[in-house]
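Residue-level listing of the chains:
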2 protein chains.
Amino acid sequence: MTGDEDAARHREKMARRKAVQDAEVAAKTVEKGLLMVHTGAGKGKSTAAFGLALRMLGRGRRVGVVQFIKGAWSTGERGLLEAYAMLEWHSMGEGFTWETQDRARDIAACRRAWEQARRMMAEPGLGLLVLDELCIALRYDYLPLDEVLAGLAARPAGLHVVVTGRNAPQPLLDAADTVTEMKPVKHHFAAGVKAQEGIEF
Amino acid sequence: MTGDEDAARHREKMARRKAVQDAEVAAKTVEKGLLMVHTGAGKGKSTAAFGLALRMLGRGRRVGVVQFIKGAWSTGERGLLEAYAMLEWHSMGEGFTWETQDRARDIAACRRAWEQARRMMAEPGLGLLVLDELCIALRYDYLPLDEVLAGLAARPAGLHVVVTGRNAPQPLLDAADTVTEMKPVKHHFAAGVKAQEGIEF
């Protein structure tokens, strides 16, 4: 086979791929606020939500963040985001972690976070709401799943929501438009590497 | 069981969890520049890399981005990042896609992108280098895998690198410190939802 034949074959293959691609794009016509879930034990759940928040801010839309667990986003990231006047950030008290060791206090913090999320969902003009580590609050039964699902379902039609956290409950996955599992194929912590600045925090 | 017993049991459980957590953190002592791979067919590979770039910029470190495929990051994101003087962005020509349908041109674009990546890896003081969609260039054999692996292995010891793209080749996974597979559990495109501003672009 000559180089010309090879190039011609490649051109043909890519033209076919482009035709498939164009047809797929043309077939998608629905516009709606998405319920997106980032779950799984791998890295990147909150980081991808953070990237999405910035993309939406870059489009000039308002973004809200409610943080259900302390420390999932670094203060560095928060500072970067808060440079945008269009961002509303709410970290409920200390949030909860295994550091608090106080169930009643954690439940109260989650309740405040959820009430804040409901208020923000009712605000007109919000483009994206990030409910960071909400899955953890659901997993510990700190919030009733039915109430959360009903609240999400009742949001304005155009509002995109990202929910992050391991162990997303199945009914939340069923309700979601998009679910990505961040799957840890390999992790440097297992090789004794510590958390490093600019990567983990 | 009384509420007090329940609270006590919770406190005990969380204290054990904290002890395990503390021991794990103490056992990790290695500091090194990580080779991280975001692969899989799900969403969030480039978005999480984008979030990581911002986290590193938020820590006052320099970040480089080399884009191997056109359009993977929106111009909105690029604008946001370029507001930081510490960012160096290189999108090689048009990059390649099935739009070009010209294999020789695509190979030349990938070659230029890789040479740029090599130059940036040699720069002192870079904290993070994002090689966005490099996996696609490798998959199409637009760059020799051995050369790329050798170049990555020869980088400065403290430099973190993120490589994104579907179908990461196994030898790249073997060389990586951390691999996350973004796995599409469910995707709104399948339900006829089109790409929307602030989410896909």
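Treat the numbers as computed from the prediction; the structure is a model and nothing was measured.

Draft legend 1. Region of the structure containing the overall build of chain A. Across its full length, chain A carries seven helices and six strands. Sequence-ordered secondary structure for chain A, helices as α and strands as β, is α-β-α-β-α-β-α-β-α-α-β-α-β. Across the 201 residues that make up chain A, the buried fraction comes to 51%. Contacts in chain A between residues at least 24 apart in sequence constitute 79% of all its contacts with a sequence separation of at least 6. Put simply, chain A shows about 8,800 Å² of open surface, and 52% of that area lies on carbon and sulfur atoms.

Draft legend 2. View of the packing of helix α4 (residues 103–122) of chain B against helix α6 (residues 145–153) of chain B. All names here are of chain B. The interhelical angle for the contact between α4 and α6, taken along N-to-C directions, is 15 degrees, at an axis separation of 10 Å. Between α4 and α6, the angle is such that the two are roughly parallel. Crossing angle aside, the handedness with which α4 passes α6 is left-handed. Between α4, through R111, W114, E115, R118 and M121, and α6, the contact on the second element is made entirely by E147, V148, G151 and L152. Looking at the contact of α4 with α6 residue by residue, the class counts come to four nonpolar, one polar and four charged.

Draft legend 3. Looking closely at the state of the cysteines. Tallied over the entire structure, the rule returns zero disulfides over all chains. Distance from the sulfur of C135(A), which forms no disulfide, to the nearest cysteine sulfur (C110(A)) is 12 Å.

Draft legend 4. Main features of the relation of the copies chain B and chain A. Mapping chain B onto chain A calls for a screw motion: a turn of 180 degrees about the axis and a shift of 0.0 Å along it, with 0.1 Å RMSD after fitting. When the rotation and shift are considered jointly, the pair of chain copies conforms to a two-fold rotation axis. A share of 100% of interface residues in chain B that are also interface residues in chain A marks the association as one of identical surfaces.

Draft legend 5. Molecular detail of the UniProt feature "domain: Cob(I)alamin adenosyltransferase N-terminal" (unreviewed entry) in chain A. Per the UniProt record, "domain: Cob(I)alamin adenosyltransferase N-terminal" (unreviewed entry) is found at residues 4–25 of chain A. Helix and strand shares over residues 4–25 of chain A are 100% and 0% respectively, and the end C-alpha atoms of the span are 31 Å apart.

Draft legend 6. Geometry of the environment of G33(B). Residues and elements named next belong to chain B. Tracing the sequence through the fold places G33 in the loop between α1 (3–27) and β1 (35–39). Between the C-alpha atoms of G33 and L126, which are 93 residues apart in sequence, the distance is 11 Å. When near neighbours in sequence (up to four residues on either side) are disregarded, G33 contacts R155, A157, G158, L159, H160 and D177.

Draft legend 7. Representation of the interface of chain B and chain A within the structure. Facing the 70 residues of chain B at the interface are 70 residues of chain A. Counting across the interface, chain B meets chain A through five salt bridges. Here E181(B) ties to K183(A) by a salt bridge, and the two come within 3.8 Å at their closest N and O atoms. Applying the counting rule to chain B against chain A returns 30 residue pairs in polar contact (both at pLDDT 80 or more). Summarising the sheet, strand β6 (residues 178–186) of chain A and strand β6 (residues 178–186) of chain B pair through seven bridges and their orientation is antiparallel. By the bridge assignment for β6(B), V179(A) is matched with K186(B).

Draft legend 8. Local environment of helix α6 (residues 145–153) of chain A. Residue and element names in this part refer to chain A. Every buried residue belonging to α6 is among V148, L149, G151 and L152, and all of these are buried. Down the axis, α6 shows its buried residues gathered within 160 degrees of arc, on one side only. In α6, the exposed positions angled more than 90 degrees off the buried face are occupied by D146 and A153. Contact partners of the buried residues in α6: β1 (35–39), α4 (103–122), β4 (126–132), α5 (134–139), β5 (160–164) and α7 (170–175).

Draft legend 9. Looking closely at helix α2 (residues 45–58) of chain A. Look at α2(A): 20 Å from first C-alpha to last across 14 residues, which is about the 20 Å you get at 1.5 Å a residue. Most of α2(A) is tucked away, with 13 of its 14 residues classed as buried.

Draft legend 10. Seen up close, the nonpolar core. By size, the foremost hydrophobic cluster in this structure holds 40 residues, and its most contacted members are V63(A), L81(A), L128(A), V63(B), L81(B) and L128(B). Sequence-distant contacts of V63(B), that is, excluding residues within four places in its chain, are made with A53(B), M56(B), L57(B), M86(B), L87(B), E88(B), L126(B) and L128(B).

Draft legend 11. Representation of the environment of G60(B) in the model. Tracing the chain through its elements places G60(B) in the loop between α2 (45–58) and β2 (62–69). When the C-alpha positions of G60(B) and M86(B) are compared, they lie 7.7 Å apart, and in sequence the two are 26 residues distant.

Draft legend 12. Structural context of the packing of α2(A) against α2(B). Two numbers describe how α2(A) lies on α2(B): the axes approach to 7 Å, and their chain directions differ by 85 degrees. Here α2(A) is positioned roughly perpendicular relative to α2(B), judged by the angle of their axes. Here T47(A), A48(A), F50(A), G51(A), L52(A), L54(A) and R55(A) of α2(A) lie close against α2(B), whose contacting residues are T47(B), A48(B), F50(B), G51(B), L52(B), L54(B) and R55(B). Looking at the contact of α2(A) with α2(B), its residues break down into eight nonpolar, four polar and two charged.

Cut-offs used in this document
- Once a new chain begins, its residue numbering starts again from 1 and follows that chain's sequence as written.
- In the order they appear in the text, chains get letters beginning with A and ligands get numbers beginning with 1.
- Per-residue local features of the predicted model are confined to residues with pLDDT of at least 70, and side-chain atom pairs are confined, for both listing and counting, to 80 or more; whole-chain, interface and lining totals are unaffected and use all residues.
- Excluded from the side-chain calculation are hydrogens and water; included are all heavy atoms of the structure.
- Under the DSSP-based scheme used, a helix requires at least four consecutive residues in state H or I and a strand at least two consecutive residues in state E, with every element numbered from the N terminus.
- Remark: exposure states derive from per-residue accessible area (1.4 Å probe, protein chains only) relative to the maximum for the residue type, with buried under 20%, exposed over 50%, and partly exposed in between.
- Only heavy atoms enter the contact rule, under which two residues are in contact if any of them lie within 4.5 Å.
- Only the protein chains shown count as covering a residue, and every accessible area follows the Shrake-Rupley method with a 1.4 Å probe.
- Each axis is a line fitted through C-alpha atoms, and for a helix only the stretch in contact is used; angles between axes span 0 to 180 degrees, taken between their N-to-C directions.
- Angles below 35 degrees are treated as roughly parallel, those above 145 as roughly antiparallel, those between 65 and 115 as roughly perpendicular, and all remaining angles as oblique.
- Crossing handedness is read from the near helix: turned anticlockwise from the far helix by less than a right angle, it gives a left-handed crossing, and turned clockwise, a right-handed one.
- Only Asp, Glu, Lys and Arg are considered charged in this grouping, and only Ala, Val, Leu, Ile, Met, Phe, Trp, Tyr, Cys and Pro are considered nonpolar; every other residue, Gly among them, is considered polar.
- Put simply, a disulfide is two cysteine sulfurs that come within 2.5 Å.
- In this comparison the copies share one frame, found by least squares on the C-alpha atoms of residues holding pLDDT of at least 70 in both.
- UniProt positions are given in the numbering used here, feature names are shortened, and annotations may be inferred rather than shown by experiment.
- Any Lys or Arg side-chain nitrogen located within 4 Å of an Asp or Glu carboxyl oxygen qualifies as a salt bridge.
- Polar contact is defined as a pair of N or O atoms within 3.5 Å, subject to the rule that within protein one atom must be able to donate a hydrogen and the other to accept it, and that residues adjacent in sequence are counted only when both atoms are side-chain atoms.
- At least two bridges found by DSSP between two strands is the condition for calling them paired.
- Directions drawn from the helix axis to the C-beta atoms are what define this arc.
- The span expected for a helix works out to 1.5 Å for each residue beyond the first.
- Only buried residues count toward a nonpolar core. Its members are Ala, Val, Leu, Ile, Met, Phe, Trp, Tyr and Cys residues joined through side-chain atoms within 4.5 Å.

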